[in-house]
Amino acid sequence: SKLGGHAADMQVATPKRTKEIIAKHGFSFKKSLGQNFLIDQNILDKIVSAAKLDKTKGALEIGPGIGALTQKLADAAAVVTAVEIDNRLIPILEEVLEGQEHVEVVHGDVLKLNLQELLERRYKDVTGISVVANLPYYVTTPILMKLLEERLPLEHIVVMIQKEVAERMAAKPGGKTYGSLSVAVQYYCEPELVCTVPHTVFIPQPNVDSAVIKLTLRSEPPVKVEDEDFYFRVVQASFSQRRKTLANNLGAFVGKHNRDKLLELLQACEVDPSRRGETLSLEEFARISEQLRQSDWMDIASV
Ligand code: SAM
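Just so we're clear, the structure is a prediction, and the values are computed from it rather than from any experiment.

## Focus on the packing of helix α3 (residues 41–50) against helix α4 (residues 68–76)
- Where α3 meets α4, the closest approach of the two axes is 10 Å, and the angle between their N-to-C directions is 45°. In terms of orientation, α3 and α4 fall into the oblique class. Taken as a pair, α3 and α4 cross one another with a handedness that is right-handed. Contacts from Leu44, Asp45, Ile47 and Val48 of α3 reach α4 at Ala68, Leu69, Lys72, Leu73 and Ala76.
- When grouped by side-chain class, the residues that make up the contact of α3 with α4 number seven nonpolar, no polar and two charged.

Below is the structure:
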């Protein structure tokens, strides 16, 4: 006999229901697609509540799996779109989400989809759109960078990712985890670690630690740079060899023959050339890249 309310029975995110659905459809997990499904209602609730959704908001989910998080998003938001790459999951999702007119499952690779177009088509009447997902870990960074670089009109990005990557995204200057990913993410967003998550909330269990991170998109970058592409190249160059100083890393970037001019420029920027990239703030990187860009000796096109 059935125990408990019917609503709870309908939730796919329990070990029992997940196993039943998988068995019924003869589904087998593909490690290569980063398939680790959530089976814990509390974690799902935490993810959804961090996104601050309501019935005027839209949610975009990347990688719905068998729909554990999608069900919660359907309850919380006015419009939900879930993009899933694995065609074997589409019939399962259609079954799990049956009758939910405001939810659309899109079969495709999120890295190849025209998301701008998708957002314009799906979210005409909402007051804000957020990405909410338990991301496939093998493509976390490309997915997040695509969302940010395309400057999609998003409010929040709340995602489950590898803990180590979450820490790098939220890291402040001075620590070992601070690097070009921290600068890139913080240029577009304010990051906040929501919680760390034990292995036991997934089927199958991933062999890395996980965390939920919330990225709130900034209306404007925290630093002003004329040429973003060049800014990020300067940042990347500054971290190219972690143990080396700025004088060395940026020296290689601008060319040996420009070394003296670089040292002068760093001095003018009030940045000690013996510092390492991992100690510089976004603002200090901006100062350096703007000075380099404006200098008469630096050929931006050549680096
Ligand atoms: N949301 C589900 C959950 O929490 O139980 C599943 C999360 S699982 C970590 C990641 C999901 O992303 C899988 O369903 C996988 O098939 C899908 N996926 C992997 N690569 C993808 C891509 N490039 N585009 C869209 N979905 C992808």
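There is more to say, and it comes next.
## Some thoughts on the site of the ligand
- In the neighbourhood of the ligand, 23 residues make up the surrounding shell, with Phe37, Gly63, Gly65, Asn134 and Pro136 lying closest.
- Taken together, the residues that form the shell around the ligand break down as 14 nonpolar, six polar and three charged.

## Thoughts on the confidence of the model for the chain
- Chain-level pLDDT for the chain is 95 on average; 97% of the residues reach the 70-or-more range.
- Scored below 50 in pLDDT, residues 1–6 shows two contacts in the model against residues more than four places distant or in partner chains.
- Reported confidence for the predicted complex is 0.99 by ipTM and 0.95 by pTM.

## Topic: the pairing of strand β9 (residues 210–217)
- By the criterion of burial, β9 is predominantly enclosed, with six of the eight residues buried.
- Summarising the sheet, strand β6 (residues 156–162) and β9 pair through seven bridges and their orientation is antiparallel. In the sheet register, valine 159 faces β9, and the bridge partner there is isoleucine 213.
- Looking at chain direction, strand β7 (residues 189–197) and β9 are connected through eight bridges and run antiparallel. Pairing of proline 191 across the sheet is with leucine 215, part of β9.

## Comments concerning the packing of helix α10 (residues 228–238) against helix α13 (residues 282–294)
- Contact pair α10 / α13: the axes reach a minimum separation of 9 Å and the direction vectors enclose 115°. Comparing their axes, α13 and α10 come out roughly perpendicular. Seen from above, α10 lies across α13 with right-handed handedness. For the pair α10 and α13, contact is made by Phe230, Tyr231, Val234, Val235 and Ser238 and by Phe285, Ala286, Ile288, Ser289, Leu292 and Arg293, respectively.
- Taken together, the residues that form the contact of α10 with α13 break down as eight nonpolar, two polar and one charged.

## Overview of the UniProt feature "domain: Ribosomal RNA adenine methylase transferase N-terminal" (unreviewed entry) in the chain
- Here the UniProt feature "domain: Ribosomal RNA adenine methylase transferase N-terminal" (unreviewed entry) sits at residues 43–219.
- In the segment residues 43–219, helix accounts for 33% and strand for 27%; the C-alpha atoms at its two ends are 29 Å apart.

## Quick word on the nonpolar core
- With 82 residues, the main nonpolar core has Leu38, Ile47, Val131, Val132, Val159 and Ile213 as its most contacted residues.
- The contacts of leucine 38, once residues within four sequence positions are left out, are Ala13, Ile43, Leu44, Ala68, Leu69, Asn134, Val201 and Phe202.

## Considerations on the UniProt feature "binding site: S-adenosyl-L-methionine" (unreviewed entry) in the chain
- Mapped onto this numbering, the UniProt entry annotates "binding site: S-adenosyl-L-methionine" (unreviewed entry) at Asn36, Leu38, Gly63, Glu84, Asp109 and Asn134.
- Topologically, glycine 63 is positioned in the loop between β2 (58–62) and α4.
- Excluding anything up to four places from it in sequence, glycine 63 contacts Glu84, Ala133, Asn134, Leu135 and Pro136.
- Its place among the elements puts asparagine 134 in strand β5 (residues 129–134).
- Sequence-distant contacts of asparagine 134, defined by excluding residues within four places in its chain, comprise Leu38, Gly63, Leu69 and Met160.

Conventions adopted
Residue positions within a chain follow its written sequence, with the count starting from 1. Local features in this predicted model are restricted to residues whose pLDDT is 70 or higher, and side-chain atom pairs enter the listing and the counts only when it is 80 or higher, whereas totals over whole chains, interfaces and linings include all residues. Each axis is a line fitted through C-alpha atoms, taken for helices only over the stretch in contact, and angles between the N-to-C directions span 0 to 180 degrees. Secondary structure elements follow DSSP: runs of H or I no shorter than four residues count as helices, runs of E no shorter than two count as strands, and numbering proceeds from the N terminus. Orientation is classified from the angle alone, with under 35 degrees giving roughly parallel, over 145 giving roughly antiparallel, 65 to 115 giving roughly perpendicular, and any other angle giving oblique. Handedness of a crossing is defined here by the sense of rotation of the near helix relative to the far one, left-handed for an anticlockwise turn of less than a right angle and right-handed for a clockwise turn. Think of it this way: build a C-beta for each residue from its backbone, and any pair within 7 Å is a contact. Asp, Glu, Lys and Arg are counted as charged, while Ala, Val, Leu, Ile, Met, Phe, Trp, Tyr, Cys and Pro are counted as nonpolar; the rest, among them Gly, fall into the polar class. A molecule or strand has a residue near it when that residue's C-beta atom, placed from backbone coordinates, lies within 6 Å of it. pLDDT is a per-residue confidence score from the predictor, ranging from 0 to 100. Counting other C-beta atoms within 10 Å of a residue's own tells you its class, since 20 or more makes it buried, 12 or fewer makes it exposed, and anything in between is partly exposed; those C-beta atoms are placed from the backbone. A strand pair is defined by DSSP finding two or more bridges across the two strands. UniProt positions are given in the numbering used here, feature names are shortened, and annotations may be inferred rather than shown by experiment. A set of buried residues qualifies as a nonpolar core if it consists of Ala, Val, Leu, Ile, Met, Phe, Trp, Tyr and Cys joined through C-beta atoms within 7 Å.

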